[in-house]
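# Coordinates in review
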Amino acid sequence: MSGNWNSPASWQTYNGTSWVAATDYPGQNSNVNRVTIMGGNTVTLNIDVNAFTISELFIGDRAGADDILLIPDNGDFTLNVADLIVEVDGILEWVKNANIYLPAGARVINQGGTISTNKSCNASQVIFIGTEKFSTCNGKGGSDYSFGDLETALPPPTSDGDQVECAQPSIQTLTASATPPQNAYVVWYAGESGGSPVSPTWNTIGTTTYYAESVDDVDSDRRSIFRTPVSLTLKSSPDISVTRSPSCNLLTNTYSLEVSVSSGTVSSTAGIVSDLGGNRWNISEVPDGTDITVTVTAPNSCTDQTFINSPSCTCPVVDAPVSGGNQRYCSGDPVPPLTAGVNAGETVDWYTASTGGTLLLAGSESYTPSAPGTYYAEARHTVTSCTSDSRTAISLTEDARPTAVIGPDQQVLVGQSPVFTATATSADTYQWQFSADGGVSFSNLSDGLGYMGTNTLSLTITTAELTNNNYLYRVLASKSGSSCSPTPSATARLTVRIGSIIINRFTTPRVVPR
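Throughout this description, residue numbers start from 1 for each chain and increase along the sequence as written. This being a predicted model, a pLDDT of at least 70 is required before a residue's local features are given, and a value of 80 or more before pairs of side-chain atoms are given or counted; all residues contribute to the totals for chains, interfaces and linings. Side-chain figures throughout are based on the complete set of non-hydrogen atoms in the structure, without hydrogens or water.

### Here's the deal with the state of the cysteines
Note the threshold: In this description, the term disulfide denotes a pair of cysteine sulfurs within 2.5 Å. For the purposes of this entry, the term helix denotes a DSSP run of H or I that reaches at least four residues, the term strand denotes a run of E that reaches at least two, and both are numbered from the N terminus.
Using the criterion set out here, one finds four disulfides in the structure. A sulfur-sulfur distance of 2.0 Å marks the disulfide that ties Cys-166 to Cys-302. Where Cys-166 bonds to Cys-302 through sulfur, the torsion about that S-S bond is close to -95 degrees, and the disulfide is left-handed. Taken together, the residues Cys-166 in strand β17 (residues 163-166) and Cys-302 in the loop between β29 (292-297) and β30 (303-308) connect sequence positions 136 residues apart.

In structure tokens:
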């Protein structure tokens with residue numbers, strides 16, 4: 001659309017899908033990346049555009065119709081643009097006498113277009129770039145260049161981009177790069193103007209800028225008026241070093257280490273990172289078996305890394321406990337403790353099963369169960385909590401207490417052979433005893449000397465004598481291998497009587513009990 005620069009109606013904006021009417025003019029309320037006069041339109045620069053920056057102003061769109069930026073009669077006009085590009089179908093035209101001011105460092109790049117005036121050689125129609133002066137002809141009014149110079153000059157090279165890198169341990173070399181227009185090559189300089197050609201390389205911490213100038217392949221006198229700046233920056237990289245080697249925490253199956261850095265903030269792919277101050281950092285609680293990468297990031301965003309291999313944090317060998325022996329106890333007696341021995345610095349945990357199971361008691365070399373059964377002792381290191389690979393089985397057996405029941409008292413005559421009998425449970429061994437003092441003390445009997453079956457459930461007194469009268473007899477019942485003491489039966493009494501003698505001369509005498 002044709003019209004004055006400060007008329008929004010002269011402009012359209014692209015909303016991402018289509019061109020729509022503008023609500024303000026370029027440079028009125030914000031910086032602008034690109035402005036294009038196109039479609040055969042003419043825009044008159046009738047105001048100063050200096051509140052905001054326009055990065056690129058294209059006059060022309062290479063579509064064929066003339067696209068014009070018109071500088072009106074009389075006055076000074078400021079245009080805050082970095083690059084003013086006159087395309088092949090573009091015209092930068094003066095109505096009469098006027099000056100246009102561009103900021104220092106701006107470039108007027110002629111891509112085959114026209115810079116048109118109605119004046120012969122004079123200084124009444126001027127382009128100022130900073131302090132540099134361009135007019136209809138060189139030398140008039142102190143001009144540095146003529147408009148003809150602008151029209152015939154080569155476009156400056158196109159920068160391949162500023163380079164910013166973090167310095168490597170062996171500092172790398174950066175080389176500036178730019179692309180010249182067709183049929184031209186690039187010559188590099190250390191400044192925006194003048195000077196001698198240089199090699200555009202940089203291998204020092206810091207920033208430098210080189211300037212690229214286009215030179216015609218055939219005519220080396222035909223060059224670009226403007227040079228393209230390309231900056232090269234090498235940023236210092238931080239250093240990181242391990243100042244405490246990885247060490248294991250066998251209690252938590254983790255490891256930790258410490259690093260020192262020249263500057264910056266430390267991060268790790270695993271574990272907890274803590275700032276110890278003085279550029280020292282601790283990385284802790286890294287899971288055993290996990291390799292990590294520790295990174296330091298400097299304030300300039302440069303980084304350095306170190307790779308950490310996980311140490312071997314496996315537990316040392318812990319021997320299984322040595323059993324203090326299986327235990328037995330007689331029913332009704334106190335339950336004896338189970339014991340197990342371990343090495344120095346170790347203790348015992350007691351479980352219900354050889355693996356897994358329920359923890360019954362922790363941290364004791366003895367355990368008193370509440371019931372008979374098999375229990376399992378596991379050794380544990382008191383500092384590392386490492387445990388033995390196996391558990392030691394220790395059993396507790398409850399023995400049934402033997403019982404014995406003896407038959408009734410016996411009353412016999414001298415010379416008879418009474419028999420005492422008994423019944424028993426939970427027993428397989430028997431010992432008969434007698435007491436001649438009414439049960440105050442008992443003595444063991446043995447076969448012979450008037451007794452038979454002294455180690456059975458049936459005791460026979462082979463010949464009763466008056467000396468046996470009022471003896472008390474009992475049997476001790478016991479079980480082989482049992483923890484129970486022999487159990488005595490109740491006592492049975494032996495009464496021995498002398499029989500009566502009746503004399504009859506005509507009969508055979510006999511003895512009768514009294």
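Further notes follow.
### Structural notes on a nonpolar patch on the surface
Note the following rule: Exposure above 30% relative accessible area and no salt bridge define the residues that can form patches, which grow by joining like charges within 9 Å and nonpolar side chains of Val, Leu, Ile, Met, Phe, Trp and Tyr within 5 Å. Areas reported as accessible are Shrake-Rupley estimates using a 1.4 Å probe. Residue values count occlusion only from the protein chains shown. Every case where a carboxyl oxygen of Asp or Glu lies within 4 Å of a side-chain nitrogen of Lys or Arg is listed as a salt bridge.
Taken together, Tyr-14, Trp-19 and Met-38 make up a surface patch of nonpolar side chains, about 340 Å² in accessible area. Of note, Trp-19 is situated in strand β3 (residues 19-21).

### Overview of unusual backbone geometry
Of note in this structure, Arg-62 is not a glycine but carries a positive phi near 60 degrees. Residue position: Arg-62 is located in the loop between β6 (49-59) and β7 (67-71). For Asn-253, which is not a glycine, the phi torsion comes out positive at approximately 55 degrees. Looking at the secondary structure, you find Asn-253 in the loop between β24 (240-249) and β25 (254-261).

### Quick look at the layout of surface pockets
Taking a probe equal in size to a water molecule and rolling it over the atoms shows the remaining empty space. To be explicit about the condition: Cavities and pockets were defined on a 1 Å grid built from protein atoms only: a cavity is a group of points that admits a 1.4 Å probe but offers it no way out, a pocket is an open group of points flanked by protein on both sides within 12 Å along at least five of seven lines, and a lining residue is one with an atom within 4 Å of any such point. Grid points are joined across faces, edges and corners, and a volume is the space filled by probe spheres set on the points.
Each pocket or cavity is described by its volume, and for the largest pocket that value is around 500 Å³. Lining of the largest pocket is provided by 23 residues; of these, Trp-11, Gln-12, Thr-13, Trp-19 and Val-35 occupy positions nearest its centre. Here the element with the most residues in the lining of the largest pocket is strand β4 (residues 32-37); it accounts for five residues. One number sums up the size of the second largest pocket: a volume of about 410 Å³.

### Let's talk about the pattern of salt bridges
The condition is simple: Residue burial is assigned from relative accessible area. The probe radius is 1.4 Å, only protein chains are included, and a residue is buried under 20% of its type maximum, exposed over 50%, and partly exposed in between.
According to the stated counting rule, one finds 10 salt bridges in the structure shown. The shortest N-O distance in the salt bridge between Arg-107 and Asp-83 comes to 3.0 Å. Taken together, the positions of Arg-107 in strand β11 (residues 107-110) and Asp-83 in strand β8 (residues 76-86) put the pair 24 residues apart, joining distant regions of the chain. Pair check on accessibility: Arg-107 and Asp-83 agree, each one buried. Put simply, Asp-399 and Arg-328 hold a salt bridge, and the shortest N to O gap is 2.7 Å. With a gap of 71 residues between them, Asp-399 in strand β38 (residues 392-399) and Arg-328 in strand β32 (residues 327-330) connect regions that are remote in the sequence. When its relative accessible area of 42% is taken as the criterion, Arg-328 is described as partly exposed. A single salt-bridge network, built from bridges that share partners, covers Glu-213, Arg-223 and Arg-227.

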